[in-house]
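Observations on the three-dimensional arrangement
What follows is each chain in one-letter form.
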Amino acid sequence: MKNNHYDIIIIGTGAAGGTLARVLAPSGKKVLVLERGGFLPKEKANWDSEAVYGKDRYRTTEMWYDKDGNPFRPFTHYFVGGNTKFYGSALYRLRERDFEEVEHKAGISPAWPLKYQDFDPYYTRAEKLFDVHGLRNTDPTEPYSDEPFPHPPISHEPHIEAIGKVLKKKGLHPAHQPLGLKLNEANAELSECVRCDTCDGFPCMVNAKADGDVNGVRTTMMYPNVTLKTHAKVNRLHTDVTGKRITAVEAEIKGEAHLFSAEVVVVSAGALNSAVLLLRSTNEQHPNGLGNSSGLVGRNFMRHKISAIVSLGLKPNPTVYPKTMAINDFYWGEEGFPYPMGHVQTLGNINEDRAATNSPPFIPSKLIPIAVFKAAADRTTPWFLMGEDLPDLNNRISVNEDDNIVLEYTPNNEVSFNRLITRWKQILKSMDPLSILFTTDMTLKDVGHQCGTCRFGEDPATSVLDLNCRTHDVDNLYVVDGSFFPSSAALNPTLTIIANAIRVADHLVDRLNAEHMLDESVSNNSAGRNLVSTIS
């Protein structure tokens, strides 16, 4: 009979799961990685905006439901690497104050039980692990670090550089975005990245994006102690009769149920699907789902407040890769408004297919020639605005009586974020008075920045996980992804997820080594007693 027992099982291969696999692989521990999807195919469609956005070639066909029972198709992807296959590679450290209690216009953003200094060394390791380019000390909100970025900042193209100069004259502090790309601008012939116009929101056909697949899972394939099983959807976790330990992970592979066991099980399926797995794994000891004695599993879902502003001007914008600049001057507010407002960054390029797909509802895109959209797209500069989404118990992911996934969400912190949108539009108009501005807001299906559904903390009554992201209720069950966030801050969450995965991976190695030493000690003592008994 095949041995299906491992030291560690990792469920999911995104930013956290891929990182865990990479950090744990050299430890020699026997690791099983389970991924519900397969490897994303390398094909021309990777860079085809009509295929990616117009036809949703890679997006899941799974249907979820809103609080009123209306079905919707979430904007999420099930592949090795998870949603990092499509992310924009922005890898930010949260700011020192983000880890403290922060007063917002709409309420309080809670303090984290660990602080920036606890994450700082792991941020440094994460930046190296994910090939981050950047430049320190140019952003007024930037936290301290003893080390420079591993790679130099990605250069601004002339149009973006010109915008930066104007913003500086206005007293703002445009900075380089920290980006995880395998780009070598000094020696282009050695560069894996070709600096294309289909990066942000697209899979990379040349594997030059630092994601959970390329920088995580694929680096483990040389290790005989690591096993990857793709197309293995985990449906349930089983416990022993006490409910204190996971004894089996039930996965569906080719339509059949398979059971795997491990000393430690780590759920890294993303904040939403991780919570769903815990909620579905009910039993007599855990009638409301695993790790849910607090009733908080699935609650406090956050996803950021996000809007895109596209500035359409008269002059052509020849920029190929515009996603290099960010502005945090309004992150903590502005004069006359002492509350956080949020973050601004340039967005990935918009071409004619993407413009047609995302055109405002009052524009009959099917009746307009694609050449018109191309002419418009060639004159656009896209911006991405992000505000903090405050935790709310009523914003949650759950499973209804029909086993359907239900996502309930009511927006909050609206005043501050709307102020940021208005302020940025004023700035854009001051730079180009003749420009036309289009604003697109995120809808329920947009769950890319999901976090907060299994917050960590020291009190089992007010948190799901302990400080090492182990569930308070089940000794060998960990949840490692965006679930652990007590607050969302207003910056891309991926680097914090990666850093935390490195932190927990170190803890897991220490835990397993300690348990191994204890087992050996018990075994030796037992052998000694048997020897004495035999002699006497």
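Residues numbered from 1 in each chain as written. Predicted model: local features only at pLDDT ≥ 70, side-chain atom pairs only at ≥ 80, totals over all residues. Heavy atoms only, no water.

**Here's the deal with the confidence of the model for the chain**
Here is the rule: For every residue, the predictor states its confidence as a pLDDT score lying anywhere from 0 to 100. Contacts between residues were defined by any pair of non-hydrogen atoms, one from each residue, lying within 4.5 Å.
With 93% of its residues at a pLDDT of at least 70, the chain reaches an overall mean of 94. In this model, residues 531–536 is a region of pLDDT below 50 whose contacts with residues beyond four sequence positions or in other chains number zero contacts.

**What to know about the packing of helix α4 (residues 158–169) against helix α9 (residues 414–431)**
For clarity, the threshold we go by: Angles run from 0 to 180 degrees between N-to-C directions of axes, and those axes are lines fitted to C-alpha atoms, restricted for helices to the stretch in contact. Numbering of helices and strands runs from the N terminus, with a helix taken as a DSSP run of H or I at least four residues long and a strand as a DSSP run of E at least two residues long. Here roughly perpendicular refers to angles of 65 to 115 degrees, roughly parallel to angles under 35, roughly antiparallel to angles over 145, and oblique to all remaining angles. Under the scheme applied here, ten amino acids are nonpolar (Ala, Val, Leu, Ile, Met, Phe, Trp, Tyr, Cys and Pro), four are charged (Asp, Glu, Lys and Arg), and all others, including Gly, are polar.
For the pair α4 and α9, interaxial distance at closest approach is 11 Å and the crossing angle is 110°. In this view, α4 runs roughly perpendicular relative to α9, as classed from their interaxial angle. In this structure, α4 contributes I163, V166 and L167 to the contact, and α9 contributes W424, I427 and M431. Here the contact of α4 with α9 is composed, by residue class, of six nonpolar, no polar and no charged.

**Brief notes about the layout of surface pockets**
Selection rule: In this analysis a 1.4 Å probe is tested at points of a 1 Å grid over the protein atoms alone, and where it fits but cannot get out there is a cavity; an open set with protein on both sides within 12 Å along at least five of seven lines is a pocket; lining residues have an atom within 4 Å of a point. Grid points are joined across faces, edges and corners, and a volume is the space filled by probe spheres set on the points.
Estimates place the volume of the second largest pocket at around 400 Å³. As for the second largest pocket, its lining consists of 18 residues, of which H159, I163, T381, M431 and D432 are closest to the centre. Broken down by element, the residue count for the lining of the second largest pocket peaks at four residues, all from α4. Here the lining of the second largest pocket is built from residues that sort into nine nonpolar, six polar and three charged.

**Looking at the nonpolar core**
How we decide: Here, nonpolar core refers to any group of buried Ala, Val, Leu, Ile, Met, Phe, Trp, Tyr and Cys residues whose side-chain atoms link them within 4.5 Å. Between buried and exposed lies partly exposed: a residue is buried under 20% and exposed over 50% of the maximum accessible area for its type, with that area taken using a 1.4 Å probe on protein chains only.
I9, I11, L34, L237, L477 and V480 are the most contacted members of the largest nonpolar core, which totals 106 residues. With eleven residues, helix α10 (residues 494–535) is the single largest residue contributor to this core. With residues near it in sequence (within four places) discarded, I9 still touches L32, L34, V249, F260, S261, A262, V264, V265 and V266. If you look at the next biggest cluster of nonpolar residues, it comprises 20 residues, including I163, V344, F417 and W424.

**Things to note about the sheet that holds strand β17 (residues 380–387)**
Using the following cut-off: Between any two strands, pairing holds if DSSP finds at least two bridges.
One open sheet holds the six strands; their spatial order is β8-β15-β16-β17-β14-β20, and the pairing between them is antiparallel. Edge strands, defined here as strands with exactly one partner in the open sheet, are β8 (175–176) and β20 (436–441). Inspection of the sheet shows strand β14 (residues 305–312) paired to β17 by eight bridges, in the antiparallel sense. Residue K305 lies in a different strand from β17, and its bridge partner there is G387.

**Digging into empty space enclosed by the protein**
Scanning the model with the defined rule gives four cavities of 30 Å³ or more in all. Of the voids in this model, the largest cavity is the one considered here, and its volume is about 130 Å³. As for the largest cavity, its lining consists of 16 residues, and the residues nearest its centre are Y92, R95, E142, F149 and P178. Looking at the lining of the largest cavity residue by residue, the class counts come to seven nonpolar, three polar and six charged. Roughly 60 Å³ of volume is contained in the second largest cavity.

**Quick word on unusual backbone geometry**
In this model, N207 sits at a positive phi of 55°, which is unusual for a non-glycine residue. On the secondary structure map, N207 appears in the loop between β9 (179–180) and α5 (212–216). Judged by its relative accessible area of 15%, N207 is buried. At C469, a position not held by glycine, the phi torsion is positive, near 65°. Within the element layout of this structure, C469 appears in the loop between β20 and β21 (477–479). By relative accessible area, C469 is classed as buried at 0%.

**A closer look at the pattern of salt bridges**
Cut-off, in case you're wondering: Basic side-chain nitrogens of Lys or Arg form a salt bridge, by our definition, when they fall within 4 Å of a carboxyl oxygen of Asp or Glu.
Within this structure, the stated rule accounts for 31 salt bridges. Connected via shared salt-bridge partners are R245, E263, D466, R470, D475, R511 and E515.

**Side note on the side chain of T324**
As a reminder, the rule being used: Pairs of N or O atoms within 3.5 Å make up the polar contacts considered here, provided that, within protein, one atom can donate a hydrogen while the other can accept it, and that residues adjacent in sequence are counted only when both atoms are side-chain atoms.
Following the sequence through the fold, T324 ends up in the loop between β14 and β15 (325–327). Separated by 2.8 Å, the side chains of T324 and H156 make a polar contact. Leave out the neighbours within four places in its chain, and T324 touches I154, S155, H156, I160, A175, H176, Q177, L179, R195 and T346.

**Some points on the pairing of strand β1 (residues 5–11)**
The condition is simple: Crossovers are marked right-handed if the path from the first strand over the helix to the second runs clockwise, as seen with the strands pointing away from the viewer.
Taken across its seven residues, β1 has five buried, putting it largely inside the fold. Of the strand pairs in this sheet, β1 and strand β13 (residues 256–267) are connected by six bridges, and their pairing is parallel. In the sheet register, I11 faces β13, and the bridge partner there is V267. For β1 and strand β2 (residues 31–34), the ladder comprises four bridges, and the chain directions are parallel. Note that in β2 the partner of I11 across the bridge is L34. Since β1 and β2 lie parallel, the crossover through helix α1 (residues 15–24) that links them has a hand, and here it is right-handed.

**Here we look at the packing of aromatic side chains**
Rule in force here: A pair of aromatic rings is counted whenever rings of Phe, Tyr or Trp (Trp by its six-membered ring) have centres within 6.5 Å, and the orientation is called stacked for planes under 30 degrees apart, edge-to-face for over 60 and tilted otherwise.
This model, assessed by the stated rule, comprises 23 aromatic pairs. For the pair F484 and F485, a centre-to-centre distance of 5.1 Å together with 75° between the ring planes defines the contact as edge-to-face. In terms of burial, F484 and F485 fall into one category: buried. Among the aromatic residues, ring-to-ring pairing joins F99, W112, Y116, F119, Y123, Y144, F456, F484 and F485 into one connected group.

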